[in-house]
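# Chain and residue survey
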Amino acid sequence: MADCGHHLEDDFICVLSLLYSGEARVKTEVQAGPLYRVLGSPLYITCSVSGFRSENTDKHFEFRMTKPSNPDFEIQIISSHEDTFGYSSHLTRVRKNEIALKRLSPNSVRFEIKSLQKTDEGEYECTAVNLEGVYDGEYSDKTVVKVIEDSLSVSSSASTPLSLNEGEALTLTCLASSSTIQHTHLSVAWYLHKDGQEDAQPIISLNRDFTLSPGQGFERRYQAGLIRLDKWGEASYSLKMAEVEPSDQGRIYCQAQEWIQDPDGSWYIIIQKNAEEMTLTVKATVEISAQPAALQEGQELMLSCNINTQDVEKRFFSVAWLKGSVELARIGPTGVLTVAPEYSVRQKNGELRAARSGNRDYRLILKPVRTEDQGEYICTVWPQERGQDDTFIEGEPKDSSPQRVSVSATGVSKLTVKMQQAVNVAEGGGLHLFCKVDGVQGQLSVTWQLKSTPTAPFTEIISISQEGVTEIAEEFVSRKVKVMRPTTDNFTLALDEVTLSDSGVYQCAVSERKPNSKTHNQAQTTTVTVTSIDTLMGVSLSSRKTRVTVGEKLELMCRVKGPHMPVTVTWSVQREAKTPDTILTLSPDGTISWSADQNHYQLRVESRKTEVMYYLLVIGTSHREGGSYQCNVSVLLKNVHKELKASNQLDVSPIPALTTNMNTDITITCSIVKKTSESSLYSITWLHEENAGNKTIVSLDRNSIVTESQVDLRQRISMRRSKGPTFELIIRQARISDKGLYTCKVGEWLQDPRGEWYLLSTVSKSTVLTITEPENNLSVSKKDTAMNISRNQDFTFPCNINKQSSNESKFQVTWFWQKEIETKQRPIFTVYRNSILQHRFGENVRLRYDHPDPSQFSLTFLNPGPDNSGLYFCEVEEWLPSLSRGWRKVAVEKSGHFNVSVRTEGRHVLTHLVISLRKNSSSSLWAESVPMNNKPSGDD
């Protein structure tokens with residue numbers, strides 16, 4: 001807009017408008033301080049920025065600091081776009097990666113100091129580098145860092161190695177304390193670091209909020225009270241394990257963490273320390289060992305069984321050796337050996353011997369060992385109590401851990417077996433395990449086996465003989481299981497509809513038999529985990545509409561996420577407090593069982609990559625279709641329907657609709673159908689919701705006194721009360737802006753025995769009002785005109801409105817100029833609907849604006865020159881009053897074109913901006929009648 005200051009003469013009038021100003025766009029944030037961190041510990045400060053136009057482009061950040069001793073001296077530390085940004089005091093640490101800036105996202109970074117020094121204390125500032133050229137917002141933020149001394153002390157009562165027998169008790173004590181001035185919390189945990197494992201595992205921990213949590217694998221003993229963590233006094237934490245197990249063997253230590261709460265409410269570990277480790281050895285009650293564990297057929301295999309318990313020399317035991325679930329031999333409490341029938345021949349031939357070799361030691365010897373002796377062996381021990389009649393009473397058995405024995409044939413065999421690694425499968429899905437056999441020289445037989453728990457033996461699932469005969473184990477006869485052999489050396493186990501109990505270790509055992517040669521055996525295992533379908537499935541219910549009016553269609557979307565599998569989907573609706581009514585059930589084969597009226601609903605299914613969408617279309621929604629909708633998903637497992645997931649409930653409350661034409665009177669009623677007492681009083685508030693949200697139209701208290709109303713609506717809107725009571729809202733001469741959602745909120749008031757009134761409850765009812773809009777009747781003259789005028793000859797552009805939509809219409813008129821056909825159309829003058837004028841042509845142009853009639857506008861050029869030649873036209877906007885927004889634009893029309901050519905002859909006159917105003921009798925257009933500080937709003 002042109003500058004209208006001292007350049008104008010006194011008799012010129014200029015109307016100015018204020019420039020738009022809004023809220024800051026860019027905002028930079030770091031963690032609120034002060035941040036207390038321990039000397040020598042790491043420091044992390046996250047910095048993020050929002051509001052830049054390019055959200056997905058990496059932003060650059062700079063970090064600076066000031067020290068408490070010199071707060072006015074700013075020290076540059078590190079920048080994401082300039083390697084030499086830091087001062088020498090920090091640049092060396094940056095180059096050694098002791099100070100770093102890690103990018104978290106295009107709009108955030110993390111500032112890191114690996115080890116804090118005392119000189120790092122101070123105020124840190126993060127700056128987002130602005131590359132847009134225009135500043136609009138906050139580009140930096142600060143936080144304070146306090147570096148405190150390390151005062152955490154952790155020590156343990158025992159650091160020397162300790163050896164215990166299985167079942168004995170263990171007690172360890174840890175001392176942990178801190179003298180930090182700041183308010184901090186301590187957490188203490190005991191850890192077990194097993195040999196061969198990279199990470200230690202928590203046994204039990206006391207969190208900073210004094211909550212006890214057992215570690216993974218220790219929950220059972222914690223629940224049984226066999227593992228405890230007790231705090232004594234201010235700094236003593238004791239670990240008590242009532243009965244140690246062989247799995248407890250390893251290095252045990254305690255760890256203390258000191259926590260502080262940052263100003264943002266989050267807790268942060270400022271320091272953590274470990275006490276000295278204590279090495280624990282646990283001797284199992286029953287141990288088994290094999291010498292050797294890997295041997296060739298024909299050699300000697302010795303299986304030793306050792307009993308570790310107190311007073312073993314004074315007690316009696318029975319000891320048995322088992323291969324898988326098959327018992328080989330047993331030595332009774334008096335030393336008598338019994339051998340299983342399948343091994344009796346080998347005992348008679350001297351190939352199997354067993355004896356007690358000491359108070360604790362028992363030995364079984366197999367010689368010569370055979371290839372079928374390969375497998376897992378365990379020892380089982382029963383304590384025996386001798387009664388008064390010299391009979392023995394058998395106690396609870398105790399098993400050793402499994403001992404694997406490998407026996408290879410003496411003949412040269414190239415047989416190898418390969419399986420895929422660990423397999424995960426969803427419950428109800430299909431399991432396919434592949435067994436690849438290489439180096440085949442003879443006939444193969446394959447047996448698939450399963451070990452469901454670590455201590456359970458392998459049990460057979462299915463086998464295929466060398467002749468191709470398939471045999472299914474009794475436990476799996478009713479299951480969908482088979483072995484496929486796509487090629488001679490590939491075997492596939494297929495098990496459909498797996499359950500959680502199918503998890504475990506699967507083994508593919510292969511036997512090869514060659515003519516005139518011994519049988520060679522090889523096996524390979526893999527772990528299968530069956531994941532519960534409950535954890536994989538997700539069901540949610542939603543609708544694109546936030547509300548629905550009576551008679552409208554409503555589409556509900558049931559989104560089922562998870563693995564694709566045959567499921568049954570049931571739609572139901574619950575009305576009031578009744579039992580949910582089933583609408584329909586969709587079976588996996590696509591069959592629909594209708595329980596509700598099929599004419600009121602439609603169903604469609606859409607399958608996507610990771611989800612399936614089930615759409616329920618409610619046709620012609622009425623109050624009968626109102627209620628809480630829900631979709632349920634179930635799956636058929638082992639011929640039993642398992643309920644998987646139920647979606648959220650989605651409330652549908654159809655709203656009555658009322659349709660009327662403009663300029664008619666409307667009555668919206670709100671009736672009380674049930675009341676608590678005949679003496680009740682009622683307060684009522686009428687609300688109107690259009691695009692701009694809820695607005696109160698009128699509000700009456702229980703005494704029918706108006707407490708709130710819209711001043712500009714008082715002439716058109718009134719309220720009436722009749723018997724019932726019934727409250728009526730009356731809108732006269734309805735406008736388009738009156739459309740929207742109307743809600744009456746009624747409060748029921750009762751009087752207590754002391755005479756005081758209190759609000760018992762509030763209920764509301766809504767109605768959607770639709771106003772039929774009139775057709776767009778705005779019409780502007782479209783006639784094209786050509787003008788060929790002399791220099792300094794005035795010319796006028798009329799802009800006349802032939803027809804308008806409403807008598808309440810206001811108009812905004814803008815004239816445009818286009819110098820040549822190829823150039824851009826340029827606005828030169830605007831008169832707004834509130835009579836504000838805006839001149840945009842420049843200083844050296846004199847204009848006269850005329851508005852003699854409400855539908856006639858004209859703009860006259862005074863003393864034009866050749867530079868004013870070109871194509872001119874006007875654009876008219878029609879505006880109507882709006883209840884919620886003040887005014888709204890309803891139509892836009894353009895006039896025909898004026899092609900003006902100004903000849904060069906004639907004298908040149910220096911022109912100035914002149915805006916003359918003529919007022920008619922109907923409305924004033926003088927600037928004094930319009931506030932000078934009113935720039936057209938966004939709605940204008």
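Going by an unreviewed UniProt entry, the protein chain carries the name Immunoglobulin superfamily member 3 and comes from Maylandia zebra. Recorded under Subcellular location (unreviewed entry), the UniProt text for the protein chain is reproduced unchanged: "Membrane".

This part is about the overall build of the protein chain. When helices and strands are counted, the protein chain shows four helices and 72 strands. Overall size of the protein chain, expressed as C-alpha extent along the three principal axes, is 135 × 85 × 80 Å. Burial analysis of the protein chain (940 residues in total) assigns 43% to the buried set. Within the protein chain, contacts between residues separated by at least 24 positions form 60% of all contacts whose residues are at least 6 apart in sequence. Per element, the accessible surface of the protein chain, about 49,400 Å² overall, is 47% carbon and sulfur. If you average the places of the 104 positive and of the 115 negative side-chain charges in the protein chain, the two averages end up 3 Å apart.

In this section: the nonpolar core. As a rule of thumb, soluble globular proteins bury nonpolar side chains together. Membership of the largest hydrophobic core comes to 34 residues, with the highest contact counts inside it found for Leu170, Trp190, Ile203, Leu239 and Ile252. Residues contacting Ile203, with those up to four places away along its chain left out, are Trp190, Tyr191, Leu192, Pro214, Gly215, Phe218, Ile227, Leu239 and Ile252.

As annotated by UniProt and renumbered to match this structure, "domain: Ig-like" (unreviewed entry) occupies residues 40–145, 150–281, 284–381, 402–529, 537–653, 663–746 and 774–884. Secondary structure across residues 150–281 comprises 4% helix and 55% strand; the distance between its end C-alpha atoms is 34 Å. Taken end to end, residues 284–381 has its terminal C-alpha atoms 12 Å apart, with 8% of it in helix and 52% in strand.

Moving on, we come to helix H1 (residues 88–95). Three or more residues of H1 are buried, namely His90, Leu91, Arg93 and Val94. At its buried positions, H1 is contacted by strand E4 (61–67), strand E5 (70–79), strand E6 (99–105) and strand E7 (108–113). Trailing H1 by a residue or two, Asn97 shows a phi angle of about 65°, which is positive.

Right, let's get into the packing of aromatic side chains. Enumeration according to the criterion identifies 19 aromatic pairs in this entry. Measuring from centroid to centroid gives 4.6 Å for Phe63 and Phe111, while their planes differ by 15°, and the two rings are stacked. Here Phe63 is found in strand E4, whereas its partner Phe111 is found in strand E7, with 48 residues between them in sequence. In this structure, Phe63 and Phe111 share a single accessibility class: buried. Centre to centre, the rings of Phe797 and Tyr872 are 4.4 Å apart; their planes meet at 25°, and the pair counts as stacked. Of the two residues, Phe797 sits in strand E64 (residues 795–803) while Tyr872 sits in strand E70 (residues 870–882), which places them 75 residues apart along the sequence.

For strand E43 (residues 538–543) and strand E44 (residues 554–561), the ladder comprises six bridges, and the chain directions are antiparallel. By the bridge assignment for E44, Gly538 is matched with Lys561. Here E44 pairs with strand E49 (residues 611–618) via eight bridges, running antiparallel. Paired with Leu554 across the two strands is Val618, which belongs to E49.

Looking now at the state of the cysteines. One pass over the structure, following the stated rule, counts six disulfides. Covalently, Cys435 is tied to Cys508 through a disulfide, its sulfur atoms 2.0 Å apart. Of note, the bridge from Cys435 to Cys508 carries an S-S torsion of about -85° and is left-handed in sense. On the criterion of sequence distance, the pair formed by Cys435 in strand E35 (residues 431–438) and Cys508 in strand E41 (residues 504–513) is long-range, its members being 73 residues apart. Taking relative accessible area as the criterion, Cys435 reaches 1% and is therefore assigned buried. We classify Cys508 as buried; its relative accessible area is 0%.

With that settled, consider the sheet that holds strand E54 (residues 666–671). Read across the open sheet, the three strands follow the order E54-E59-E58; overall the sheet is antiparallel. On the outer flanks of this sheet lie E54 and strand E58 (717–722), each paired with one strand and no other. Taken over all neighbouring pairs, the strand axes of this sheet differ in orientation by 20° on average, direction set aside. As defined by bridge partners, E54 adjoins strand E59 (residues 726–731) across six bridges and the pair is classed as antiparallel. Across the sheet, Ser671 pairs through a bridge with Thr726, a residue of E59.

A separate point is the environment of Ala354. Among the structural elements, Ala354 can be located in strand E27 (residues 352–356). Those residues within four positions of Ala354 in sequence are excluded, and the remaining contacts are Trp321, Ile331, Leu337, Arg363 and Leu364.

Counted by the stated rule, this structure contains 48 salt bridges. Taking the shortest distance from any N to any O, the salt bridge between Glu277 and Arg251 comes out at 3.1 Å. Of this pair, Glu277 sits in the loop between strand E19 (267–274) and strand E20 (278–283) while Arg251 sits in strand E18 (residues 250–261), and the two are 26 residues apart along the sequence. Across the pair Arg370 and Glu372 runs a salt bridge, and its minimum N-O distance is 3.7 Å. Connected through shared salt-bridge partners, Arg544, Glu555, Arg559, Arg604, Glu606, Arg608 and Glu611 make up one network.

Moving on, we get to the sheet that holds strand E33 (residues 416–419). Ordered in space as E33-E35-E40-E39, the four strands form an open sheet in which the pairing is antiparallel. Edge positions in the open sheet fall to E33 and strand E39 (481–487), since each of these has one partner strand only. Sheet twist, expressed as the average angle between the axes of neighbouring strands with direction ignored, equals 20°. Where E39 meets strand E40 (residues 490–495), five bridges bridge the pair, whose relative direction is antiparallel. Residue Val483 lies in a different strand from E40, and its bridge partner there is Leu493.

Right, let's talk about the environment of Gln443 for a bit. In this fold, Gln443 is placed in strand E36 (residues 443–451). With 252 residues separating them in the primary sequence, Gln443 and Tyr191 have C-alpha atoms 52 Å apart. Discounting chain neighbours no more than four positions away, the residues touching Gln443 are Gln466, Ser511, Glu512 and Arg513.

The subject of this paragraph is the environment of Ala200. Assignment of secondary structure puts Ala200 in the loop between strand E13 (184–193) and strand E14 (201–206). Under the relative-accessibility criterion, Ala200 is labelled partly exposed at 24%. Residues Ala200 and Gly250, spaced 50 residues apart in sequence, show a C-alpha to C-alpha distance of 9.6 Å. In contact with Ala200, other than residues within four places in its own chain, are Tyr191, Leu192, His193 and Tyr253.

Let us now look at the confidence of the model for the protein chain. Considering every residue of the protein chain, the mean pLDDT works out to 85; 90% of them sit at 70 or more. Here strand E51 (residues 640–646) stands out as the least confident element of the protein chain, with mean pLDDT 78; E7 is the most confident, with 96. In the predicted structure, residues 1–22 sits below a pLDDT of 50 and forms 28 contacts with residues beyond four places in sequence or in another chain. Below pLDDT 50 for its whole length, residues 907–940 participates in 85 contacts with residues either more than four positions away or in separate chains.

In this section: unusual backbone geometry. Cis geometry is found at the peptide bond from Gly33 to Pro34, where omega equals 5°. Structurally, Pro34 can be placed in the loop between strand E1 (27–30) and strand E2 (35–38). A cis amide bond, omega -10°, links Gly724 with the succeeding residue Pro725. Along the chain, Pro725 turns up in the loop between E58 and E59. With a phi close to 65°, Asp390 is a non-glycine residue in the positive phi region. Residue class for Asp390 comes out exposed when judged on its relative accessible area of 52%. The phi torsion at Glu497 lies on the positive side, around 50°, for a residue other than glycine. Within the fold, Glu497 resides in the loop between E40 and E41. The partly exposed category is assigned to Glu497, whose relative accessible area is 27%.

Definitions and cut-offs
- Residues numbered from 1 in each chain as written.
- Predicted model: local features only at pLDDT ≥ 70, side-chain atom pairs only at ≥ 80, totals over all residues.
- Heavy atoms only, no water.
- UniProt positions renumbered as here; feature names shortened; annotations may be inferred.
- Helix = DSSP H or I, 4+ residues; strand = E, 2+ residues; numbered from the N terminus.
- Buried < 20%, exposed > 50% of the residue type's maximum accessible area, 1.4 Å probe, protein only.
- Contact = heavy atoms within 4.5 Å.
- Areas by Shrake-Rupley, 256 points an atom, 1.4 Å probe, with all protein chains shown as cover.
- Lys, Arg positive; Asp, Glu negative; His and termini not counted.
- Charge placed at Lys NZ, Arg CZ, Asp CG, Glu CD.
- Core = buried A, V, L, I, M, F, W, Y, C linked by side-chain atoms within 4.5 Å.
- Phe/Tyr/Trp six-rings, centres within 6.5 Å; stacked < 30°, edge-to-face > 60°.
- Pairing = 2+ DSSP bridges.
- Disulfide = S-S within 2.5 Å.
- Axes fitted to C-alpha atoms, helices over the stretch in contact; angles between N-to-C directions.
- Salt bridge = Lys/Arg side-chain N within 4 Å of Asp/Glu carboxyl O.
- pLDDT = per-residue confidence, 0-100.

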